[in-house]
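Spelled out from the first residue to the last, the chains are:
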Amino acid sequence: MKVDFTKVTSPSFVLHEELLRINLDILNLVQKEAGVKIICALKGFAFWDVFPLIGSYLSGAAASSLNEARLIYEKMGVKAHTYCPVFIEEEIKDIVNYSSHITFNSLSQYKRLREQVHDYGHDISFGLRVNPEYSEVKADIYNPAQPDSRLGVTAGQLNNTLPPGIEGLLFHVLCENDSYALERTLLETEKSFSHLIRQVKWLNMGGGHLITRDGYDVKHLINLLKVFKGRYPNLNQVILEPGGAIGWQTGYLAATITDIIENKQVKTAMLDVSFAAHMPDCLEMPYKPKIIGAFEPSGNKKEHVYRMGGNSCLAGDYMGMGDYAFEIPLKTGERIVFEDMMHYTMVKTTFFNGVKHPSIGIWKNGKFRLLREFGYEDYKNKLS
Ligand SMILES: Cc1ncc(COP(=O)(O)O)c(C=O)c1O
């Protein structure tokens, strides 16, 4: 079950397929027991080599751009549930080709584009993103319901009716939340939107459901969804579109120590990866990922404490949330393996500084399979 990191390329993102299957089993259980559809939001997890596997458990995938919709169509073989904060007119034709559901962020976009969508295809189900103006997410950058948000139509803007042709509603106000936050969110959402939920065929409860996290009360979620569906017999489909929960704790970023720099009291292990370019959430959220074999410094003189340094020139490209302690001193050439590096990593990486982009591979049946390496051409081709 454990990955042998001596057999893994460095630097590389390594998906542990068995761990992914465990997550997919949990999500599939929720789908079956609660009678809902769970789809994979590509914005959080777009490891397309395993899309056939994901498609064999889940009910499809959610796109937030033409590129994501096309990837779903090409690699999962299904049409996407597509929601974009704005749709670009020139892209609509292709988006229609790759989508089964198209959800609009505003009444004005729907009004402007619905005829065009109709002209290109007839079997698209139209939805509208609504803003419940309630969210338990503390960080503004992840809170779509903050006052004056640009995401979704508020109840006040709808005058108790939906525009003709709208068959579904989508709300998304959670982020790494549990089922109890969803329960309170549903209560608040129903206060403003229950009369509109009664007018549609489907309701998409967005992402942010961290169903695969240890301790998530899956039974409570199943019961909550069943009771909710009981209140709205008009709904043919209740959809959840998590991204993070698919790849949660399913893989690693394996790196190598390339130098150790000492300045005053601080020893920095210089890595062949960058926080800014390869793990941006570590700086943005911010959060401190676990490293295999490391522990929190306790002040004990016997432990060996290091800062983890990224390989770009950005002064802040290091783990600023705290150092790591090890039982024995680190050496140049040794592996450093960051845990839980599958979601919101590969989808956000850049070629900043031109530093080598980590390869992508899979650990399966005790073997490492290298899927993709990146080189100069990849760097050059995203510039001009
Ligand atoms: C509309 C929408 N759906 C789904 C998601 C996926 O959320 P998560 O990866 O937190 O489950 C997001 C994330 O931003 C989103 O904006």
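Since this is a predicted model, take the numbers as computed values, not measurements. (Residues numbered from 1 in each chain as written. Predicted model: local features only at pLDDT ≥ 70, side-chain atom pairs only at ≥ 80, totals over all residues. Heavy atoms only, no water.)

## Some words on the site of the ligand
Our working rule: Nearness is defined per residue: one heavy atom within 4 Å of the molecule or strand is enough. What qualifies as a polar contact is a pair of N or O atoms within 3.5 Å, subject to a donor-acceptor requirement within protein and to the restriction that residues adjacent in sequence count only when both atoms come from side chains. Surface accessibility follows the Shrake-Rupley procedure with a 1.4 Å probe radius. Residue values consider only the protein chains on display as shielding. In this classification, the charged set is Asp, Glu, Lys and Arg, the nonpolar set is Ala, Val, Leu, Ile, Met, Phe, Trp, Tyr, Cys and Pro, and all remaining amino acids, among them Gly, are polar.
Close to the ligand lie Ala41, Lys43, Tyr83, Arg129, His172, Gly207, Gly208, Glu241, Pro242, Gly243, Gly244 and Tyr344. Between the ligand and the protein, one listed contact pairs an oxygen atom with a side-chain N or O atom of Tyr344 at 2.5 Å. Starting from 390 Å² of accessible surface for the ligand in isolation, the protein chains cover 86%. Among the residues making up the shell around the ligand, the classes are represented as four nonpolar, five polar and three charged.

## Section: the side chain of Ser274
Selection rule: Under the scheme used here, helices are H or I runs from DSSP no shorter than 4 residues and strands are E runs no shorter than 2 residues, and both carry numbers assigned from the N terminus. For every residue, the accessible area (1.4 Å probe, protein chains only) is compared with the maximum for its type, and the residue is labelled buried under 20%, exposed over 50%, or partly exposed between those bounds. Whether two residues touch is decided by their heavy atoms; if any such pair falls within 4.5 Å, the residues are in contact.
Here Ser274 is to be found in the loop between strand E12 (266-271) and helix H9 (275-278). For Ser274, a relative accessible area of 0% gives the class buried. Looking at Ser274, its side chain comes within polar contact range of the main-chain nitrogen of Ala276, at 3.1 Å. Of the polar contacts made by the side chain of Ser274, one reaches the backbone nitrogen of Ala277; its length is 2.8 Å. Those residues within four positions of Ser274 in sequence are excluded, and the remaining contacts are Met279, Gly310, Asn311, Ser312, Asp317 and Val355.

## Examining the packing of helix H6 (residues 179-197) against helix H7 (residues 218-231)
To keep it simple, the criterion reads: Only the stretch in contact is used when fitting a helix axis, every axis being a line fitted to C-alpha atoms; angles between N-to-C directions are given from 0 to 180 degrees. Roughly parallel refers to an angle under 35 degrees, roughly antiparallel to one over 145, roughly perpendicular to one between 65 and 115, and oblique to any angle outside these ranges.
Where H6 meets H7, the axes come as close as 11 Å, and the angle between the chain directions of the two elements is 10°. In terms of their interaxial angle, H6 and H7 are classed as roughly parallel. Contact residues: H6 offers Ser179, Tyr180, Leu182, Glu183, Leu186, Glu190 and Ile197, while H7 offers His220, Leu221, Leu224, Leu225, Phe228 and Arg231. In terms of residue class, the contact of H6 with H7 is made up of eight nonpolar, two polar and three charged.

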